[in-house]
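Take a look at the letters that make up each chain.
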Amino acid sequence: MVSFVNSSQGQNDHKFLEKPTLLFKFGGPTKKDVDTQVEVARKIASKNSLINLETSSNREDNDTLWTARRAGLWSTYEYGSKVLENKDDVQVWTTDIAVPISKLAQVISETNDDIRASGFGDKFSIMGHIGDGNCHFLILYNSPDYKKVQKVVDRMVYRAIDLEGTCTGEHGVGIGKRKYLNKELGKETVDLMRHLKLSMDPRRILNPDKIFRVDPSDTLDAQFDAAHIHDHGCCS
């Protein structure tokens, strides 16, 4: 992710160290309180292989750091035109798994290995909200590789669930992730949700078939698997 941001056109001249990077935002009633928090973070990081620590305390420097984080998705998308065979068909599959923080390093490491072994070694980036174990793998691909990426994502999600995590840390289930809920929550729980939904919406007109299947004739899962519909964006 950091390398994609560094190479992105339109970014300022600040180049970030291309290593795993954590961004912290500290706040408090006094400068002394903030300085104390920063020093605690510095000491912990120093004991855990810290390479470099940058601090900022003015609006301009703060904007530089957080703009880099906000540019992560678009920097990745832009990089796709440099590494994909078809430069005019850049697709980005965003993901949204979350696991207990104690399992985060494991799920990232194992997913990294899986993505590389699947042929997308230089075609993905990672960002997330590490404080709550939520990480986003962004995979670049051309449309003909849709099913190949889908299998990688399925394995990623089931890996997270097996580690006591969830298929979605913040973006929601929508249509694309509803197939994972039986594994994550259990069929009985999903059935209960469906019964509650039908009791309040018997005509099935309120955002129908999102999260779980309601209409027996619904073919959305099959359409999704066949890539006839896409619901894997950052807000699915």
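Residues numbered from 1 in each chain as written. Predicted model: local features only at pLDDT ≥ 70, side-chain atom pairs only at ≥ 80, totals over all residues. Heavy atoms only, no water.

- In the annotation of an unreviewed UniProt entry, the chain is listed under the name D-lactate dehydrogenase (cytochrome) and assigned to Meyerozyma guilliermondii.
- Taken verbatim from the UniProt record of the chain, the Sequence similarities (unreviewed entry) comment is "Belongs to the FAD-binding oxidoreductase/transferase type 4 family."
- Of the comments in the UniProt record for the chain, the one headed Cofactor (unreviewed entry) reads "FAD". (UniProt positions renumbered as here; feature names shortened; annotations may be inferred.)

### Notes on the overall build of the chain
- In terms of helices and strands, the chain carries nine helices and four strands.
- Helices and strands appear in the chain in the N-to-C order α-α-α-α-β-β-α-β-β-α-α-α-α.
- Taken over the C-alpha atoms alone, the chain extends approximately 60 × 45 × 30 Å along its principal axes.
- For the chain, the residues scored as buried account for 39% of the 236 residues in total.
- Residue pairs in contact within the chain that sit at least 24 positions apart in sequence constitute 65% of those at least 6 positions apart.
- Summing over all exposed atoms, the chain offers an accessible surface of approximately 14100 Å²; the carbon and sulfur share of this is 53%.
- Of note, the chain has its 32 positive side-chain charges centred 2 Å away from the centre of its 34 negative side-chain charges. (Helix = DSSP H or I, 4+ residues; strand = E, 2+ residues; numbered from the N terminus. Buried < 20%, exposed > 50% of the residue type's maximum accessible area, 1.4 Å probe, protein only. Contact = heavy atoms within 4.5 Å. Areas by Shrake-Rupley, 256 points an atom, 1.4 Å probe, with all protein chains shown as cover. Lys, Arg positive; Asp, Glu negative; His and termini not counted. Charge placed at Lys NZ, Arg CZ, Asp CG, Glu CD.)

### Some details on helix α4 (residues 72-83)
- Between the first and last C-alpha of α4 there are 17 Å, a value that for twelve residues agrees with the 16 Å anticipated at 1.5 Å per step.
- Within the span of α4, buried status applies to Gly72, Leu73, Ser75, Thr76, Gly80 and Val83. One side of α4 carries all its buried residues, which in axial view fall inside an arc of 160 degrees.
- Packing partners of the buried residues in α4 comprise α1 (2-7), α3 (59-70), β1 (91-94), β3 (124-129) and β4 (134-141). (Expected span 1.5 Å × (residues − 1). Arc of directions from axis to C-beta.)

### Concerning the nonpolar core
- Ranked by internal contacts, the top residues of the largest apolar core, which has 30 residues, are Trp93, Ile97, Val107, Ile115, Phe137 and Ile139.
- Going through the elements one at a time, α5 (101-117), β4 and α6 (146-162) are the ones with two or more residues in this core.
- Residue contributions to this core peak at eight residues, all from α6.
- Within the second largest apolar cluster, 14 residues are counted, among which are Val5, Leu65, Leu73 and Val90. (Core = buried A, V, L, I, M, F, W, Y, C linked by side-chain atoms within 4.5 Å.)

### As for the state of the cysteines
- Inspection of the entire model under this criterion finds zero disulfides.
- Left without a disulfide partner, cysteine 135 is nearest to the cysteine sulfur of cysteine 167, which lies 13 Å away.
- The buried category is assigned to cysteine 135, whose relative accessible area is 1%.
- Its relative accessible area of 1% is what places cysteine 167 among the buried residues. (Disulfide = S-S within 2.5 Å.)

### Details of the packing of aromatic side chains
- Enumeration over the complete set of coordinates arrives at six aromatic pairs.
- Pairing tyrosine 158 with tyrosine 180 gives two aromatic rings, centres 5.4 Å apart and planes at 85 degrees, and the pair type is edge-to-face. In this pair, tyrosine 158 is assigned in helix α6 and tyrosine 180 in the loop between α6 and α7 (181-185), connecting sequence segments 22 residues apart.
- Linked through ring pairs, Trp93, Tyr141 and Tyr146 together constitute an aromatic cluster. (Phe/Tyr/Trp six-rings, centres within 6.5 Å; stacked < 30°, edge-to-face > 60°.)

### Quick look at unusual backbone geometry
- We note that glutamate 164 has phi near 70 degrees; this positive angle belongs to a residue other than glycine.
- Tracing the sequence through the fold places glutamate 164 in the loop between α6 and α7.
- Overall, glutamate 164 belongs to the exposed group, its relative accessible area being 62%.

### Quick notes on the side chain of threonine 168
- Here threonine 168 lies in the loop between α6 and α7.
- In this structure the side chain of threonine 168 is engaged in a polar contact, spanning 2.4 Å, whose partner is the side chain of aspartate 96.
- Each residue touching threonine 168, except ones within four places of it in the same chain, is listed here: Asp96, Val173 and Lys177. (Polar contact = N/O pair within 3.5 Å; in protein donor to acceptor, adjacent residues only side chain to side chain.)

### Points about the environment of tryptophan 66
- Tracing the backbone through its elements, the reader meets tryptophan 66 in helix α3.
- For tryptophan 66, a relative accessible area of 28% gives the class partly exposed.
- The residues contacting tryptophan 66, other than those within four sequence positions of it, are Leu23, Phe24 and Lys25.

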